[in-house]
Amino acid sequence: PRMRAPESLEEISIPEGVTTLGEELFCSCTKLKSITLPETLLVLGDNMFFDCSSLLEVEIPERVETIPYGLFTNCTSLARVKLSSGVLVIEAEAFWECSSLKALTLPDKLVFLGDRAFYNSAIENIVFPDKRVFIGENIFDFCEELEVIYVSENTAPYYQAALGEWYDYEVVEQEDYDEK
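Residues numbered from 1 in each chain as written. Predicted model: local features only at pLDDT ≥ 70, side-chain atom pairs only at ≥ 80, totals over all residues. Heavy atoms only, no water.

**Q** If you had to explain the sheet that holds strand β11 (residues 148-151) to someone new, which residues and values would you point to?
**A** With respect to topology, four strands assemble into an open sheet ordered β7-β9-β11-β12, the strand pairing being parallel. Here the strands that pair on one side only, and so sit at the sheet edges, are β7 (103-105) and β12 (168-171). For this sheet, the mean inter-axis angle between neighbouring strands, taken without regard to orientation, is 15°. In the sheet, β11 pairs with β12 via four bridges, with the strands oriented parallel. Paired with I149 across the bridge in β12 is Y169. (Pairing = 2+ DSSP bridges. Helix = DSSP H or I, 4+ residues; strand = E, 2+ residues; numbered from the N terminus. Axes fitted to C-alpha atoms, helices over the stretch in contact; angles between N-to-C directions.)

**Q** Hey, could you go over the packing of aromatic side chains for me, with residue numbers and the actual values?
**A** The geometry of an aromatic ring pair is captured by the separation of the ring centres together with the interplanar angle, meaning the angle of the planes. Scanning the model with the defined rule gives twelve aromatic pairs in all. Between F140 and Y167, the ring centres sit 5.9 Å apart and the planes meet at 75°, which makes this aromatic pair edge-to-face. With F140 in the loop between β10 (134-135) and β11 and Y167 in the loop between α1 (156-163) and β12, this pair connects stretches of sequence that are 27 residues apart. According to the relative accessible area criterion, Y167 is buried, its value standing at 12%. The rings of F26, F49, F72, F95, F118, F140, W166 and Y167 are connected pair by pair, giving a single aromatic cluster. (Phe/Tyr/Trp six-rings, centres within 6.5 Å; stacked < 30°, edge-to-face > 60°. Buried < 20%, exposed > 50% of the residue type's maximum accessible area, 1.4 Å probe, protein only.)

**Q** Lay out the environment of F118 with the relevant residues and their values.
**A** Mapped onto the fold, F118 is located in the loop between β8 (112-113) and β9 (125-127). Classification of F118 by relative accessible area gives buried; the value is 0%. Once the C-alpha coordinates of F118 and E93 are considered, the two residues, 25 residues apart in sequence, prove to be 6.4 Å apart. Those residues within four positions of F118 in sequence are excluded, and the remaining contacts are F95, L104, L106, L113, I123, I126, I139, F140, D141 and C143. (Contact = heavy atoms within 4.5 Å.)

**Q** Tell me about the environment of K82, residues and numbers included.
**A** Within the secondary structure, K82 sits in strand β5 (residues 80-82). Leaving out residues up to four positions away in the same chain, K82 has contacts with V58, E59 and I60.

**Q** Please set out the side chain of S152 residue by residue, giving values where relevant.
**A** Tracing the sequence through the fold places S152 in the loop between β11 and α1. A polar atom in the side chain of S152 sits 2.9 Å from the side chain of T155. (Polar contact = N/O pair within 3.5 Å; in protein donor to acceptor, adjacent residues only side chain to side chain.)

**Q** Quick one: what's the story with the pattern of salt bridges, residue by residue and with numbers?
**A** Where charged atoms from two side chains of opposite charge approach closely, those side chains can pair. Applying the stated criterion across every chain yields a total of four salt bridges. With a closest N to O distance of 2.7 Å, R4 and E24 form a salt bridge. Of this pair, R4 sits in the segment before β1 (11-13) while E24 is found in the loop between β1 and β2 (34-36), placing the two residues 20 residues apart along the sequence. Look at E24 and you get buried, because its relative accessible area is 18%. A salt bridge links E93 to R116, with the shortest nitrogen-to-oxygen separation between them at 2.8 Å. One end of the pair, E93, is in the loop between β6 (89-90) and β7; the other, R116, is in the loop between β8 and β9, and 23 residues separate them in sequence. (Salt bridge = Lys/Arg side-chain N within 4 Å of Asp/Glu carboxyl O.)

Okay, structure coming up:
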């Protein structure tokens, strides 16, 4: 049987030493507001925070390389996500219905952004790394608030072609990237 956290859980700190958290572990923990993930963590499970509608912010530890499928689906209060610099892949529907998430900086090592990654989220501005990230289908479907996509000078033509003309593309200077 799959491990599930109790739905009454409001906050939790996962102890150091834990490397893997299972799929749907906190699914439907609608009262969960706060979670601290350990630096030892390597793997997050699919749909791990599905329907965690009270979760406010999450910091992804440095050694996590994949934001799995549906990780933050229906996390409607989630306003801040700090992705670690180690993240290489954001799988499909990872930020589905994140209706409080207004801004996100994608990590420099990111290589893949999955289908409908931000479907119906509140994203207003997003910073892409100074490289070409492979982009899945309809990543910004129903992102009505999205106005500005920040890109580097080198990658601006690529992102404009990949994402379409209905956004403003603002060029981030190279030294600003170096500060992140």
